[in-house]
Amino acid sequence: GKRDVNVMPHLEAQEILKNWLPVDIYIGGQEHANLHLLYARFWHKILHKIGVVSHPEPFQKLICQGMILGADGEKIQSF
């Protein structure tokens, strides 16, 4: 059988994007947020270029919380 790839009609998707974008404020940690921001901006720029979203950036404001350090003042290592 043929697979239906149009799982969400185009107009409905645009209405959802209008309600949720752009995000008012993004708050994230210094290292963790970097990849989130790169990924979100990459896809948002594509959507903007093809006319799906009207605003050029996905976030209106960015707040970086800095880095959480251990009791000794050193960066906590991930396992």
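The notes below deal with the structure included here. Predicted model, so just to flag it, every value in this text is computed and none were measured. Residue indices begin from 1 for each chain and proceed along its sequence in written order. Since the coordinates come from a predicted model, pLDDT governs what is reported: local features require at least 70, and pairs of side-chain atoms require 80 or more to be given and counted, while whole-chain, interface and lining totals use all residues. Side-chain numbers here rest on the full set of heavy atoms in the structure, without hydrogens or water.

**Comments concerning the overall build of the protein**
This is how it is decided: Starting at the N terminus, helices and strands are each numbered in turn, a helix being any DSSP run of H or I of at least four residues and a strand any DSSP run of E of at least two. Each residue is placed in one exposure class: buried if its accessible area under a 1.4 Å probe, protein chains only, is under 20% of its type's maximum, exposed if it is over 50%, and partly exposed if it falls in between. Residue contacts are defined here by distance: any two heavy atoms, one from each residue, within 4.5 Å place the two residues in contact.
When helices and strands are counted, the protein shows two helices and two strands. Each helix (α) and strand (β) of the protein, taken in turn from the N terminus, gives the series α-β-α-β. Across the 79 residues in the protein, those meeting the buried criterion constitute 13%. In the protein, of all internal contacts separated by at least 6 residues, the share reaching a separation of at least 24 is 59%.

**A look at the pattern of salt bridges**
For side chains bearing opposite charge, pairing can occur when the charged atoms are close. Threshold: A side-chain nitrogen of Lys or Arg and a carboxyl oxygen of Asp or Glu constitute a salt bridge if their distance falls within 4 Å.
The full count for this structure, using the stated rule, is two salt bridges. Here Arg41 and Glu57 are joined by a salt bridge, their closest N and O atoms 2.7 Å apart. Taken together, the residues Arg41 in helix α2 (residues 32–49) and Glu57 in the loop between α2 and β2 (62–64) connect sequence positions 16 residues apart. Since its relative accessible area comes to 29%, Glu57 is described here as partly exposed. The partner of Lys45 in a salt bridge is Glu57, with the nearest N and O atoms 2.9 Å apart. Here Lys45, found in helix α2, pairs with Glu57, found in the loop between α2 and β2; they are 12 residues apart in sequence, far enough to count as distant. Judged by relative accessible area, Lys45 falls into the partly exposed class, the value being 36%. One network of salt bridges, in which partners are shared, links Arg41, Lys45 and Glu57.

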